[in-house]
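# Coordinate analysis (summary)
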Amino acid sequence: MSPHETNQVGPAEAVHGPLAGWLPLVVLPVGAVACRNRLPAWVFMWILASTIFFSLKWLTWWKARSRIDPSSWRSAAYLLAWPGMDAEAFLDASRPVKPPKPAAWVLAVLETMLGALLLWVVARSVPQNYPLVRGWMGMLGLIMLLHFGAFKIAALLWQELGIDAKPIMLAPLRSAALAEFWGKRWNLGFRQLAHQLIFRPLHRPLGTSSASFLVFVASGLIHDLAISLPARAGYGLPTGYFLLQGAGVAIERSVFGKHLGLGRGARGWCFTMVFLAAPAFWLFHPYFVVRVILPFMRAIHAI
């Protein structure tokens, strides 16, 4: 082995110790919170959300790197240029990947354009005396622009390069069950993360139902941190929203729910959409919309 080779350190050897994967999850968000009083609420929200996201992403890479031993460029691409959380799929160079169909590209571009239209055109057309409607229109546009548009385009680009990067949104409005929506169609990046860190280690000692409910608890707490803390109000409302979603999944899977057909067909779809939409103001509560989203929209000249 040459001296040059002995000095090379791969990703799997660069990080050691049981705390290395978890340390950023403590340090980075705490550092962001320490700067809260020095930043506009919307800037603080993006910084806090980014630190939480990157910390969790680092954790998934740290857990996968010993099993996959990925190349340095794949590791960098996963950490910096992909929003998904399925590290093993992205990092494994041996996985066969089919190139995306042209229709997928067309849909992704159309969804991106629709998101931009909602954010910069439709929201501006809403009268100023309806601030919550303006804010919600902007949030819908932003979700469409990023999660359904830009992130899907990123997935298609990686697929073209032979990397297993599945879109994080899979037609969520087709969900015929609440469990299907949260488990198979909406934000699959977080679903993969929650499955790996919470459900998988806990479903045997606690049971499937309890482990699933804890996933909703964790999701609620994370959303409270990223939504209510920047808004400085509405604490507990996002957590309450996800606790309600967990209860809805339990009802859906109960003998009563199965008897009513809540997990299938048109009845299941209606139950799912009502359960998701009716308490949505708990998740993105008015404090967040007025104090964070509207100033952000002004900053990007959406209104």
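For the structure, check the block above.
Keep in mind that this is a model prediction, so the values were computed, not measured. Sequence positions are assigned chain by chain, starting from 1 and proceeding in written order. Local features in this predicted model are restricted to residues of pLDDT 70 or higher, and side-chain atom pairs are both shown and tallied only at a pLDDT of 80 or more, whereas totals for entire chains, interfaces and linings draw on every residue. The basis for the side-chain values is all heavy atoms of the structure; hydrogens and waters are excluded.

### A closer look at the environment of Gly261
Secondary structure elements follow DSSP: runs of H or I no shorter than four residues count as helices, runs of E no shorter than two count as strands, and numbering proceeds from the N terminus. As for its placement among the helices and strands, Gly261 is situated in the loop between helix 13 (255-260) and helix 14 (265-277). Only protein chains enter the accessibility calculation, which uses a 1.4 Å probe. A residue is then buried if its area is under 20% of the maximum for its type, exposed if over 50%, and partly exposed in between. Judged by its relative accessible area of 6%, Gly261 falls in the buried class. Residues Gly261 and Ala177, 84 residues apart in the sequence, show an inter-C-alpha distance of 9.6 Å.

### Some points on unusual backbone geometry
The phi dihedral of Asp69 falls on the positive side, at around 50°, and the residue is not glycine. Assignment of secondary structure puts Asp69 in the loop between helix 4 (41-68) and helix 5 (72-80). Even without glycine at this site, His301 takes up a positive phi of about 60°. Since its relative accessible area comes to 59%, His301 is described here as exposed.

### Side note on helix 14
Counted at 1.5 Å a residue, the expected span for helix 14 with its 13 residues is 18 Å, and the 18 Å between its end C-alpha atoms agrees. If you check which residues of helix 14 are buried, you get Gly268, Phe271, Thr272, Met273, Phe275 and Leu276. Structurally, helix 14 contributes buried residues whose contacts are with helix 9 (178-185), helix 12 (237-253) and helix 15 (280-283). Here a helix's expected span is defined as the number of its residues, less one, multiplied by 1.5 Å. By definition, residues are in contact when any of their heavy atoms lie within 4.5 Å.

### Some words on a nonpolar patch on the surface
A grouping of Leu23, Val26, Val27, Leu28 and Val30 is seen on the molecular surface, where their side chains present a nonpolar patch of about 430 Å² in accessible area. Assignment of secondary structure puts Leu23 in helix 3 (residues 23-34). Patch membership requires over 30% relative accessible area and the absence of a salt bridge. Like charges are linked within 9 Å, and nonpolar side chains (Val, Leu, Ile, Met, Phe, Trp, Tyr) within 5 Å. Every accessible area reported is derived by Shrake-Rupley at a probe size of 1.4 Å, with residue values counting cover from the shown protein chains alone. Think of a salt bridge as a Lys or Arg side-chain nitrogen and an Asp or Glu carboxyl oxygen that are within 4 Å of each other.

### Quick word on the nonpolar core
Buried Ala, Val, Leu, Ile, Met, Phe, Trp, Tyr and Cys residues that are joined via side-chain atoms within 4.5 Å together make up what is termed a nonpolar core. One finds Trp182, Leu276, Phe288 and Met297 to be the most contacted residues of the largest nonpolar core, which totals 31 residues. When residues of this core are traced back to their parent elements, those giving at least two are helix 7 (102-125), helix 8 (131-160), helix 9, helix 11 (208-231), helix 12, helix 14, helix 15 and helix 16 (286-299). Ranked by the residues each element gives to this core, the list is headed by helix 16, at seven residues. Those residues within four positions of Leu276 in sequence are excluded, and the remaining contacts are Leu178, Phe181, Trp182, Tyr241 and Gln245. Phe44, Met85, Ala87 and Ala165 belong to the second largest nonpolar core, which has 26 residues in total.

### Quick word on the environment of Lys184
Within the element layout of this structure, Lys184 appears in helix 9. Residue classification places Lys184 among the exposed residues on the basis of a relative accessible area of 60%. Separated by 70 residues in sequence, Lys184 and Leu114 place their C-alpha atoms 24 Å apart. Setting aside anything within four residues of it in sequence, one finds Lys184 in contact with Leu170 and Ala179.

### Quick notes on the pattern of salt bridges
Once their charged atoms are close, side chains differing in charge can pair, the charge on each being opposite to the other. Taken as a whole, this structure holds six salt bridges when the rule is applied. Put simply, Lys166 and Asp164 hold a salt bridge, and the shortest N to O gap is 3.0 Å. By relative accessible area, which is 53% here, Lys166 ends up exposed. Residue classification places Asp164 among the buried positions, given a relative accessible area of 14%. Through salt bridges with shared partners, a single ionic network connects Asp92, Arg95, Asp164 and Lys166.

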